[in-house]
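Observations on the three-dimensional arrangement
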Amino acid sequence: MATKCGNCGPGYSTPLEAMKGPREEIVYLPCIYRNTGTEAPDYLATVDVDPKSPQYCQVIEPKDIHAKCELAFLHTSHCLASGEVMISSLGDLKGNGKGGFVLLDGETFEVKGTWERPGGAAPLGYDFWYQPRHNVMISTEWAAPNVLRDGFNPADVEAGLYGSHLHVWDWQRHEIVQTLSLKDGLIPLEIRFLHNPDAAQGFVGCALSSTIQRFYKNEGGTWSVEKVIQVPPKKVKGWLLPEMPGLITDILLSLDDRFLYFSNWLHGDLRQYDISDPQRPRLTGQLFLGGSIVKGGPVQVLEDQELKSQPEPLVVKGKRVAGGPQMIQLSLDGKRLYVTTSLYSAWDKQFYPDLIREGSVMLQVDVDTVKGGLKLNPNFLVDFGKEPLGPALAHELRYPGGDCSSDIWI
């Protein structure tokens, strides 16, 4: 990128060049106190992740961001080649569903208007990714804010209030040209094209159905989607429903497009798949980092197609970790994964009440990029339960100069 927003980062010419970049030293995380009982504004935490630093694993610079977040129900942001910043929305100011996009000035962050044409928003929104060389953007759906904001109600699923579609947009005309219905694809959240800017395919994680779906461009220029990974539900006792989904809440791809990673927030495992053949992903790593089915908890697993026994609770540096793996971020070289454990405060309160009382954590996982595999770093823990104003819920992870889930090559 050549203007404004594009001048802020290192400016790697290709994804493979980015993999040669320097090791990350700090990570930014938006944090909230909502529903925790602490009356304080949201803030941006800066975490030191440099092992050589005396402040390693510490929050070194919290910044109040409340005054800059007056717009409601916004989610994903990407820089555009024009220097503008584009942010997706879940709904309108009344909390009804509306999958539109806000444009900000890349230098002043003043609102310039909407990206889509007047009246052209999708019925629901959440995440998006664009691939300019194919003149395409694809957006996903969660639900209207009024549906999800107070927690998960299974009756809303029966009523068809949760998303199950991908919306394909003409990148130049700013309008929807195709809507893809997802089979076994309830609540498609995070979407990722392959990083190769020539690629015409990618993946989306469908949370409630616990599937990974591959979307791809056909020879005629239309788009299709197919299920390539299914995480089977577990029959349980002592939970909200008789079957517990994995609840895939975040996915990302390594910059060389070799590995796909995703988190099962309810089951509690982080997974790595080799996607050298995108139509046939191969499981190469799995690591349990808490979750709802740990031994000694309120949930008893009655039938499990994958595990022979319930996993042990996770204890890191003397702290038992509440919640499950949620947002993830990969180092540029692909050798380290950072993980947080909070999804959304109302859902945290419903499924992991200990998160509200104790705050979330940030963990680090070492990645085998040769044979595949995941291993927890036992010496890394950022405990947001010890924040000065009380327990906080940390969410997304971002690097100052760009990362695997925000950078798009044009």
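Position numbers for residues count from 1 along each chain, tracking the sequence in the order it is written. The predicted nature of this model means local features are confined to residues of pLDDT at least 70 and side-chain atom pairs, given and counted, to a pLDDT of 80 or more, with totals for whole chains, interfaces and linings taken over all residues. With hydrogens and water set aside, each side-chain value is computed from the structure's full complement of heavy atoms.

In the nomenclature of an unreviewed UniProt entry, the protein chain corresponds to Methanethiol oxidase from the organism Colobus angolensis palliatus. UniProt positions are given in the numbering used here, feature names are shortened, and annotations may be inferred rather than shown by experiment. Recorded in UniProt for the protein chain, the comment headed Pathway (unreviewed entry) runs: "Organosulfur degradation."

Re the environment of Val367
Relative to the assigned elements, Val367 resides in strand β27 (residues 361–367). Take Val367: its relative accessible area is 10%, and that puts it in the buried class. Linking Val367 and Gln272, residues 95 residues apart in sequence, is a C-alpha distance of 9.1 Å. The contact definition used throughout considers only heavy atoms, calling two residues in contact when any of these lie within 4.5 Å. Other than its neighbours up to four places away in sequence, Val367 contacts Tyr261, Gln272, Leu330, Gly334, Lys335, Arg336, Leu337, Gly373 and Leu374. Under the scheme used here, helices are H or I runs from DSSP no shorter than 4 residues and strands are E runs no shorter than 2 residues, and both carry numbers assigned from the N terminus. Whether a residue is buried, partly exposed or exposed follows from its accessible area with a 1.4 Å probe, protein chains only, as a fraction of its type maximum: under 20%, in between, or over 50%, in that order.

Considering the pairing of strand β7 (residues 111–114)
Relative to β7, strand β6 (residues 101–104) runs antiparallel, the two sharing 3 bridges. Looking at β7, one finds that Leu103 is bridged to Gly113. Here β6 folds back onto β7, and the loop between the two strands holds 6 residues, one of which, Phe109, carries a positive phi near 60 degrees. For two strands to be treated as a pair, DSSP must find at least two bridges joining them.

Observations regarding the nonpolar core
We call a set of buried residues a nonpolar core when its members are Ala, Val, Leu, Ile, Met, Phe, Trp, Tyr or Cys and they connect through side-chain atoms within 4.5 Å of each other. If you look at the biggest cluster of nonpolar residues, it comprises 33 residues, and the most contacted ones within it are Trp142, Tyr162, Trp265, Leu266, Trp347 and Phe351. Within the residue set of this core, elements represented by two or more residues are α2 (145–148), α4 (345–351) and α5 (353–358). Per-element tally for this core: the top contributor is α4, with 3 residues. Setting aside anything within four residues of it in sequence, one finds Trp347 in contact with Trp142, Leu148, Gly151, Phe152, Tyr162, Trp265 and Tyr352.

What about the sheet that holds strand β21 (residues 282–288)?
Spatial ordering of the open sheet is given by β18-β19-β20-β21, a layout of 4 strands whose pairing is antiparallel. In the strand order of this sheet, the two ends are held by β18 (248–253) and β21, each with one partner. Strand after strand, the sheet turns through a mean of 20 degrees between neighbouring axes, direction not considered. Comment: axis = line fitted to C-alpha atoms, over the contacting stretch for helices; angle = value between 0 and 180 degrees taken between N-to-C directions.

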